[in-house]
Amino acid sequence: MADLTSQKIPVTVLTGYLGAGKTTLLNRILSENHGKKYAVIVNEFGEIGIDNDLIIGADEEVFEMNNGCVCCTVRGDLVRILEGLMKRKGKFDAIIVETTGLADPAPVAQTFFVDEDVQKNARLDAVVTVADAKWLADRLKDAPEAKNQIAFADVIVLNKTDLVSPAELNEVEARIRAINPYAKLHRTERCQVKLSDVLERGAFDLDRILELEPEFLEAGDGHDHHDHHHGHDHHHDHDHSHDSHNSGGLKHYHDEDMQSLSLRSAKPLDATKFMPWLQNLVASEGQKILRSKGILAFSDDDDRYVFQGVHMMLEGDHQRAWKDGEARESRLVFIGRELPEQMIRDGFEDCITP
Amino acid sequence: MKEFDPGDNAASIVSVTDRVRPLSIGMPVTAVHFLGSQAAFVGAEETVALVNTAGEISPVAVHGGGILCVASDGTRVVTGGDDGRLVATDAKGEVTLLATDAKRRWIDTVALHPEGAVAWSAGKTAFVRSGRAEEKSFAMPSTVGGLAFAPKGLRLAVAHYNGVTLWFPNMTANPEFLEWAGSHLGAVFSPDNRFLVTTMHEPSLHGWRLADNRHMRMTGYPGRVRSMSWSAGGKALATSGADAVIMWPFASKDGPMGKEPAMLAPLQARVSMVACHPKQDIFAAGYSDGTILMVRLNDGAEILVRKNGTPPVTALAWNAKGTLLAFAAEDGDAGLLEL
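Residues numbered from 1 in each chain as written. Chains lettered and ligands numbered in written order. Predicted model: local features only at pLDDT ≥ 70, side-chain atom pairs only at ≥ 80, totals over all residues. Heavy atoms only, no water.

Q: Where do I start with the pattern of salt bridges in this structure?
A: Oppositely charged side chains can pair when the atoms bearing their charge come close. Applying the stated criterion across every chain yields a total of 42 salt bridges over all chains. A salt bridge links Lys253(B) to Asp254(B); the shortest N-O distance between them is 3.7 Å. Residue Lys253(B) is classed as exposed on the basis of its relative accessible area, which comes to 59%. Through salt bridges with shared partners, a single network forms among Glu83(A), Asp115(A), Asp117(A), Lys120(A), Arg224(B) and Arg226(B). (Salt bridge = Lys/Arg side-chain N within 4 Å of Asp/Glu carboxyl O. Buried < 20%, exposed > 50% of the residue type's maximum accessible area, 1.4 Å probe, protein only.)

Right, here's the structure in full:
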């Protein structure tokens, strides 16, 4: 299947609140000497000044699917545009979809799960969110769209870092981490980020779900790139109840309505219990769950099972055999709004083999 | 279920594969229409290839990019492109520019009226130009998914999100709105003008009896319906989208209401194209594995036109007399069958 996947055109979704620097990043991607051709889908009424041969204006029409679930929405215009673009296969290597500053990324992502024809030809590579270091903290308070975009992101480009002090930068980063500790975060000025950090991420590729650990950062060390992992293993499972506390110099916040929840078990799971539980969970709580991911060890199964989801949509597969000596540990993460934490924890506990 | 295995089953079905004139169009093909005895194969981009009965191929440059939609009235094929142009190509290969979008938007859909009117859409705007009259446009509530002219009068069905707008371009009356939740992507009128059927983004069809706007839900498809064709006289509507051709009965005044569709020519592959014979109760069906069958409606008897083993069949058409069948797979491997 690897070959088939690689033939599909990768699609990067570029999101971010108004003025964060989406167009700057887009122009950087397009102007870099990478030898690749991009088809760019922008909002028809969006910012101008994008220099590219293949640029398509989109209407951002969000359609509800008639399958009974209210949060199952797709971008109808995107279905049509991707179908049209596929007539020009070979004329471009990848697609970038720039959303408006107020857009919810979910319908864009769900388009790639729901539509059969889109799935056949294209694959969602990653949701990249550009955030304004100076104003994001304010937007997280007054703009639910901004919070959605942070929560949904696989990659966060924290831009305009030159406009804030190191302390303010750490502050906004801690606010981001309170919502989404799993995204790759890059601090930038004028969106100066390596293209390999935003493109070809394979964030929705089941084969590339390797680990599910929060991205830890050290506060105030003054480096531009903070995306390196640290060896120590914090258990950052949001079991703290107070609003903020210090941990290794980086403040930990708890966002009022958007959280991440991480679950783990060293004992194998019972697949006959886990699968129905997960499906019921996303069916009933899918509106609250923005993203979910998991690496699972089932009893009587020598393969790692991986899954990922967007709201109510799930996809999962056996990934590979567990390696000798590899800890057969199950990990799940949920990012969402007002997650029913105790209910999820209890449900998960019931799926663990005695 | 059965599978056409050229080795074992070749003898068990009547085959006319040896009578097909093979063609290599040399480009991905998305549609075919007959202009008299010439087959016009529509490429995925830039080119329409005219092919005469001797198998001679004449490519005609029509667009400076992708070809997004096509319609034909038997004398011309009209194509809309991502170059914002609407272009007519006739049997001699003469190209006429019909319209250019002012903002160079994609021309997403096109429809032709038997008396010469042409309709097209770009984004949320539908346009109509009838024979001599000036161009008219109409803004829809959402992007136009499909267009169809009614067989009588100048009436245009515009499919979009949550329903269909019936627009009489030459009348001042407000357009009629037929509501049904969901995204409607294609539309056809029955030849007797009594029914309107749309294909939906979900794998289903929706229909209205126009006399009383009664709804007809036609569901159960595993995949989206992309190809529809009326049988001779409009007695049934043949559709793609399943691993058999789904035929909805339209002969009675209630159409398919309360009736089961016929399922003909099942294979272990998805039907990608259907084309009913213009005069006889026969249809041709193309499949996702490249197979093409001719099927008799009354008893389901099958004749093999093309064996499996290629990309999906994307183009299939009869000429008006019903003496020629043209087809192509996605990769441009094509053929002509003279009956």
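The discussion continues.
Q: Is there a simple way to think about the side chain of Asn148(A) in this case?
A: Residue and element names in this part refer to chain A. Relative to the elements of secondary structure, Asn 148 occurs in helix 7 (residues 144-152). Taking the relative accessible area as the measure of exposure, Asn 148 reaches 12% and is therefore buried. The contact partners of Asn 148, leaving out residues within four places of it in the chain, are Asp 104, Pro 105, Met 258, Leu 290 and Arg 337. (Helix = DSSP H or I, 4+ residues; strand = E, 2+ residues; numbered from the N terminus. Contact = heavy atoms within 4.5 Å.)

Q: What exactly am I supposed to notice about the confidence of the model for chain A here?
A: As a general rule, the predicted coordinates of low-pLDDT regions are not to be interpreted in detail. Residues and elements named next belong to chain A. Per-residue confidence for chain A averages 85 on the pLDDT scale, and 85% of its residues sit at or above 70. Across chain A, strand 8 (residues 155-159) holds the top mean pLDDT of 97, while strand 10 (residues 244-247) sits lowest at 44. Every residue in residues 217-248 is under pLDDT 50, and counting partners more than four places away or in other chains gives 58 contacts. (pLDDT = per-residue confidence, 0-100.)

Q: Please explain the sheet that holds strand 9 (residues 184-187) of chain A as it appears in this structure.
A: Where strands meet in a sheet, backbone hydrogen bonds hold them as pairs that are either parallel or antiparallel. Residues and elements named next belong to chain A. Across the sheet, which stays open at both edges, the seven strands sit in the order 3-2-6-1-7-8-9 with parallel pairing between neighbours. Of all strands in the sheet, those bounded by a partner on one side alone are strand 3 (54-58) and strand 9. Strand-to-strand twist across the sheet, computed as the mean angle between neighbouring axes with direction ignored, equals 20°. Two elements, strand 2 (residues 38-43) and strand 3, share five bridges in a ladder whose sense is parallel. Bridge pairing in strand 3 places Asn 43 opposite Ala 58. (Pairing = 2+ DSSP bridges. Axes fitted to C-alpha atoms, helices over the stretch in contact; angles between N-to-C directions.)

Q: Would you mind going over helix 3 (residues 76-85) of chain A with me for this structure?
A: Because each turn of an α-helix spans 3.6 residues, side chains separated by three or four positions in sequence point in the same direction. For helix 3 of chain A, the buried fraction is high: nine of the 10 residues fall into the buried class. For helix 3 of chain A, every residue scored as buried is listed here: Gly76(A), Asp77(A), Leu78(A), Val79(A), Arg80(A), Ile81(A), Leu82(A), Gly84(A) and Leu85(A).

Q: Is there a simple way to explain the interface of chain A and chain B in this structure?
A: Facing 22 residues of chain A, the contacting portion of chain B comprises 28 residues. When chain A packs against chain B, the two sides together hide about 2000 Å² of surface, and 44% of this comes from carbon and sulfur. On the surface where chain A and chain B come into contact, there are 10 salt bridges. Glu116(A) is the salt-bridge partner of Arg270(B), the closest N and O atoms lying 3.3 Å from each other. On the surface where chain A and chain B come into contact, there are 12 residue pairs in polar contact (both at pLDDT 80 or more). Breaking the side of chain A that touches chain B down by element, the ones donating at least two residues are strand 4 (62-64), helix 3 and helix 5 (116-121) of chain A. If you tally residues by element for the side of chain A that touches chain B, the top one is helix 3 of chain A, at six residues. The residue makeup of the side of chain A that touches chain B, split by class, is eight nonpolar, two polar and 12 charged. (Buried area = accessible area lost by both parts, 1.4 Å probe. Polar contact = N/O pair within 3.5 Å; in protein donor to acceptor, adjacent residues only side chain to side chain. Nonpolar A, V, L, I, M, F, W, Y, C, P; charged D, E, K, R; others polar.)

Q: For this particular structure, what's the right way to read the sheet that holds strand 10 (residues 109-112) of chain B?
A: All names here are of chain B. Taken in spatial order, the four strands line up as 10-11-12-13 in an open sheet, and their pairing is antiparallel. What marks the edges here is a single partner per strand, and that holds for strand 10 and strand 13 (136-139). Averaged over all pairs of adjacent strands, the angle between strand axes in this sheet comes to 15°, irrespective of strand direction. Pairing of strand 11 (residues 118-122) with strand 12 (residues 125-129) involves five bridges; the strand directions are antiparallel.

Q: Whenever I open this one, the packing of aromatic side chains confuses me. Can you help?
A: Any aromatic ring pair is given by two values, namely how distant the centres are and how the planes are angled relative to each other. Residue and element names in this part refer to chain A. Counted by the stated rule, this structure contains 11 aromatic pairs over all chains. Arranged with centres 5.6 Å apart and planes meeting at 55°, the rings of Phe 274 and Trp 277 form a pair that is tilted. Of the two residues, Phe 274 and Trp 277 are both situated in helix 9 (residues 271-285); the distance of three residues between them amounts to about one turn of the helix. In textbook terms, an aromatic cluster arises when at least three aromatic residues are bridged by ring pairs, as seen for Phe 274, Trp 277, Phe 298, Tyr 305, Phe 307 and Phe 348. Directly above the aromatic system of Trp 322 lies the positively charged group of Arg 304, at a separation of 5.3 Å from the ring centroid. (Phe/Tyr/Trp six-rings, centres within 6.5 Å; stacked < 30°, edge-to-face > 60°. Lys NZ or Arg CZ within 6 Å of the ring centre and 35° of its normal.)

Q: Looking at this structure, how should I read the nonpolar core?
A: It is characteristic of soluble globular proteins that their nonpolar side chains tend to be buried jointly. Ranked by internal contacts, the top residues of the largest apolar core, which has 67 residues, are Ile41(A), Leu85(A), Ile95(A), Phe112(A), Ile150(A), Ile156(A) and Leu158(A). Residues contacting Leu85(A), with those up to four places away along its chain left out, are Ala39(A), Ile41(A), Leu54(A), Ile56(A), Phe92(A), Ile95(A) and Trp106(B). Counting 21 residues, the second-largest nonpolar core is a separate cluster that includes Ile96(A), Val155(A), Leu195(A) and Val198(A). (Core = buried A, V, L, I, M, F, W, Y, C linked by side-chain atoms within 4.5 Å.)

Q: Sorry, what's going on with the side chain of Arg187(A) here?
A: Residue and element names in this part refer to chain A. With respect to the helices and strands, Arg 187 occurs in strand 9. Here Asn 170 takes part through its side chain, which lies 2.7 Å from a polar atom of the side chain of Arg 187. Looking at Arg 187, its side chain comes within polar contact range of the side chain of Glu 173, at 2.5 Å.

Q: Is there a simple way to think about helix 8 (residues 166-179) of chain A in this case?
A: Given a rise of 1.5 Å per residue, 14 residues ought to cover 20 Å, and the 20 Å separating the end C-alpha atoms of helix 8 of chain A matches this to within 8%. Taken residue by residue, helix 8 of chain A has Leu169(A), Asn170(A), Val172(A), Glu173(A), Ala174(A), Ile176(A), Arg177(A), Ala178(A) and Ile179(A) as its buried positions. (Expected span 1.5 Å × (residues − 1).)

Q: Can you walk me through the packing of helix 4 (residues 105-114) of chain A against helix 7 of chain A in this structure?
A: The relative placement of two packed helices is expressed as an angle between their axes plus a distance between the axes. All names here are of chain A. Two numbers describe how helix 4 lies on helix 7: the axes approach to 9 Å, and their chain directions differ by 40°. The angle between helix 4 and helix 7 places the two elements in the oblique class. For the pair formed by helix 4 and helix 7, the contact residues are Pro 105, Ala 106 and Ala 109 on the first element and Asn 148, Gln 149 and Phe 152 on the second. Among the residues forming the contact of helix 4 with helix 7, the class breakdown is four nonpolar, two polar and no charged. (Parallel < 35°, antiparallel > 145°, perpendicular 65-115°, else oblique.)

Q: What's the story with the pairing of strand 16 (residues 176-189) of chain B in this structure? I'm lost.
A: All names here are of chain B. Alignment of strand 15 (residues 156-167) against strand 16, held across five bridges, turns out to be antiparallel. Note on strand 16: the bridge partner recorded for Gly 163 is Glu 179. The sheet contact formed by strand 16 and strand 17 (residues 195-200) spans five bridges and is antiparallel. Looking at strand 17, one finds that Gly 186 is bridged to Thr 199.

Q: Quick question: what am I supposed to make of the pairing of strand 28 (residues 313-318) of chain B here?
A: Every other side chain in a regular strand lies on the same face of the sheet, so the side chains alternate between the two faces. Judged by how many residues are buried, strand 28 of chain B sits mostly within the fold: six of six residues are covered. The hairpin formed by strand 28 of chain B and strand 29 (residues 324-329) of chain B contains five residues between the paired strands, and Gly322(B) there has a positive phi angle of roughly 80°.

Q: Can you walk me through unusual backbone geometry in this structure?
A: Negative phi is the rule for most residues except glycine; trans is the rule for most peptide bonds. All names here are of chain A. Despite not being glycine, Glu 60 has its phi angle at roughly 50°, a positive value. For Glu 60, the position within the fold is in the loop between strand 3 and strand 4. Its identity is not glycine, yet Arg 190 carries a phi of approximately 50°, on the positive side. On the basis of relative accessibility, which here comes to 52%, the residue Arg 190 falls in the exposed class.

Q: What is the right way to look at the confidence of the model for chain B in this model?
A: Residue and element names in this part refer to chain B. Averaged over every residue, the pLDDT of chain B is 94; the share at 70 or more is 96%. pLDDT under 50 marks residues 1-10. Its contacts with residues more than four places away, or in other chains, come to 21 contacts. Scored by ipTM, the complex comes to 0.89, with pTM at 0.88.

Q: Before we go on, may I ask you to explain the environment of Ile81(A) in this structure?
A: Residue placement: Ile81(A) occurs in helix 3. Here the alpha-carbon distance between Ile81(A) and Ala321(A), two residues 240 residues apart in the chain, equals 39 Å. Leaving out residues up to four positions away in the same chain, Ile81(A) has contacts with Ile41(A), Ile56(A), Gly57(A), Ala58(A) and Trp106(B).

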